[in-house]
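Fold and contact review
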Amino acid sequence: MNNLNWYFPKTIKEATDLITKEKVLFHAGGTALLPRNLDKINGFINLSDLPLHYFKKENDTVEFGSMNTYANIVSKIYEIDSENILLKSLQTSADTPLRNRITIGGSIAFAPPWSDIIGALIVLDAKILLSGENNGDFPIEKFLQNPKLKQNSLVTGIKFNLSNWKSFSYRNIRTKKDMPAFHIVAMLKIENEIIQDSKIIITGTVNRFDKIIEVENYLKNRKIDDIEFSQIEKLVDVKFTGKRFSDPEYSQKLVGIELGRGIKKLVRNL
Amino acid sequence: MKGTFIINGQSKTMDFNSDERLVISLRNNGYTEVKNGCLEGECGACMILLDDMPVHSCQIFTASVQNKNITTIKGIGDLHLPHIIQESFVEAGAVQCGFCSPGFIIATYALLKKNPNPTENEIKQAIDGNLCRCTGYVKIIDAIKNASKLIQKERVHS
Ligand SMILES: Cc1cc2nc3c(=O)[nH]c(=O)nc-3n(C[C@H](O)[C@H](O)[C@H](O)COP(=O)(O)OP(=O)(O)OC[C@H]3O[C@@H](n4cnc5c(N)ncnc54)[C@H](O)[C@@H]3O)c2cc1C
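Procedures and definitions
- Residues numbered from 1 in each chain as written.
- Chains lettered and ligands numbered in written order.
- Predicted model: local features only at pLDDT ≥ 70, side-chain atom pairs only at ≥ 80, totals over all residues.
- Heavy atoms only, no water.
- Axes fitted to C-alpha atoms, helices over the stretch in contact; angles between N-to-C directions.
- Helix = DSSP H or I, 4+ residues; strand = E, 2+ residues; numbered from the N terminus.
- Parallel < 35°, antiparallel > 145°, perpendicular 65-115°, else oblique.
- Left-handed = near helix turned anticlockwise from the far one by under 90°.
- Contact = heavy atoms within 4.5 Å.
- Nonpolar A, V, L, I, M, F, W, Y, C, P; charged D, E, K, R; others polar.
- Domains from an automatic or database assignment.
- Buried area = accessible area lost by both parts, 1.4 Å probe.
- Salt bridge = Lys/Arg side-chain N within 4 Å of Asp/Glu carboxyl O.
- Polar contact = N/O pair within 3.5 Å; in protein donor to acceptor, adjacent residues only side chain to side chain.

1. Section: the packing of helix α2 (residues 84-91) of chain B against helix α3 (residues 101-114) of chain B
All names here are of chain B.
- Packing of α2 against α3 brings their axes to within 10 Å, and their N-to-C directions diverge by 125 degrees. Considering the angle they form, α2 stands oblique to α3. Note that α2 runs across α3; the crossing there is right-handed. Here I85, Q86 and F89 of α2 come into contact with α3, specifically with F104, I105, T108, Y109 and L112.
- A per-class count over the contact of α2 with α3 returns 6 nonpolar, 2 polar and no charged.

Next up, the structure:
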C-alpha cells in the first residue's frame, strides 16, 4: 500500500501551483497511472473538477478542453464533421469503457507509441494549449519533441481547424483488444483528379512518429490515374522496435502495403 | 481514506486505501456482484456505470471518483425484480458460468438507454470491452436484440 495525497483543485491556477510540489502527478483518466510504480510518488492532482470539459467551435476552428474523453471527442466531432480524421482515428480505439475514461490531456502528455490520437493531431496541425510554467499555444510536434514544455505545465486543451481534405486512418491490430502496433493517418487534398497536397504520419515507430515525406513528394501534383500503388509501398522506410504488439520486421513490411492500400481506397472512393 | 459515493442510488461511505482500485473497494464493501477479472481493463467483468457511462472499475482509483454516481448490476435489477435485459440473457441462454454476465448486462443497459434500437454492429461495438470465455457471443447478441425488442414494446405500451 502507498500513502498518496489526493488534491482536488477547482481552478487551473490551483492545479498549476500544486504541480510544483515534489513528486505529485496530474490525474486525468488515470488509465496510465494505475500500473505505475506508485511508491515513487507522493500524490495526485485530480483534474476532474477543473473547467476543462468544454468544447468550442468558432467558424472552422474547434477547441476541446483537455478533460474531454475519446468518447466525447467522437460524439462531438461526429455532429460537425463525420469525415474528420480524429473521429476516424478514435472511434475504435481501445474499447468503449476505456474511451469513456481516456482523456485528451493524459494522452498527449503520456503519448505512448500505441496512441491513436497523436497521428491525427499532427496531420491536423493541432495546437496544444498549456498553462503553468509554460503558457500559450504550441504546435503538437514541438510539444512532442521538447519534453521541457511538459515540465510543471498543464495541458488545458487542443485547437485545430476543420479541413475538407480526404482522410483515412488505419490501426494495425491482431485482435480487437490489441493496442495498435502502428497507426497510419493520411490526409489528401484532391482537386480535379490531381493530388495537390498530402500529409502522412505513422505512429508507433522507433521515432514515435514519422512523416512519410517521400510518399508526400511522390503524390504531389500527381494525377490519381498515374499513381502506382506498389511504388508507395517501396517509398515507406520506417523502423519499429519492441515485439510487444507485433514483430518489428513484419510491421516494417506491412506498413507500406497498408499505406498503399489506404491511399488506393481513398482516391478511388472505395 | 474515507469517502462518500452514491451507489445504486444510495449514499455510501467507504474506507479505502489511497491507491486502491474501485473494483476492490466495491467488493470489500459488499458489492461482490462487481467481478474482479483481469485488473488490466481487458475483460469487462468489473464493469459498472460511472455517472451513467460504462467503465472498467479496475481502471479507476477509488479516491478519484468520490461523490460520483456508481451503478452496479444490482442497481439495474436483482433476483426478485430482474430487469428485462437480465431476463433476456437467461432466456437466450447467454449465461454459462456467469462471471462475465454482470459486465455484459451493464454494457447492454448503457447501450439500450442511449439507443433502444441498435444495429448488430452497434451492439458489437457496445460490448467490445467485455470478454466471454464460455458461450461465445452469438447468444449474448441474441439476448441483446431480444431485450431491445422488449424494451421498445414496453415503451409503446406505457
Ligand atoms: C488496457 C488499455 C488499452 C489501451 N488502448 C489504447 C489504444 O488502443 N489507443 C490509445 O490511444 N490509447 C489506449 N490506451 C490509453 C493509453 O495507454 C493511456 O493510458 C492514456 O492515453 C492516458 O490518458 P489518461 O487520460 O488516462 O491519462 P492519465 O493516466 O490520467 O495520465 C497520463 C499521464 O499524463 C499526465 N497528465 C494527465 N493529464 C494531464 C494534463 N491535462 N496535462 C499535463 N499532464 C497530464 C499524468 O500526470 C500522467 O503522467 C489504453 C489504456 C489501457 C489501460
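2. Here's the deal with the domain arrangement of chain B
Residues and elements named next belong to chain B.
- Along its sequence, chain B is organised into domain 1 (2-76) and domain 2 (84-157).
- Computed from C-alpha atoms alone, the centre-to-centre distance between domain 1 and domain 2 is 21 Å.
- Every contact between the two is made by 18 residues of domain 1 and, on the other side, 14 residues of domain 2.
- In total, about 1300 Å² of surface goes out of reach between domain 1 and domain 2, with carbon and sulfur atoms giving 74% of it.
- It is M47, I73 and I76 that lose the most area in domain 1 upon contact with domain 2, and together they represent 43% of the buried surface on that side.
- Across the domain 1-domain 2 interface, the total number found is 0 salt bridges.
- At the junction of domain 1 and domain 2, the tally comes to 2 residue pairs in polar contact (both at pLDDT 80 or more).
- Secondary-structure elements contributing two or more residues to the side of domain 1 that touches domain 2 are β3 (47-50) and β4 (53-56).
- Among the elements that take part in the side of domain 1 that touches domain 2, β3 stands out by supplying 3 residues, more than any other.
- Across the side of domain 1 that touches domain 2, the residue classes tally to 8 nonpolar, 6 polar and 4 charged.

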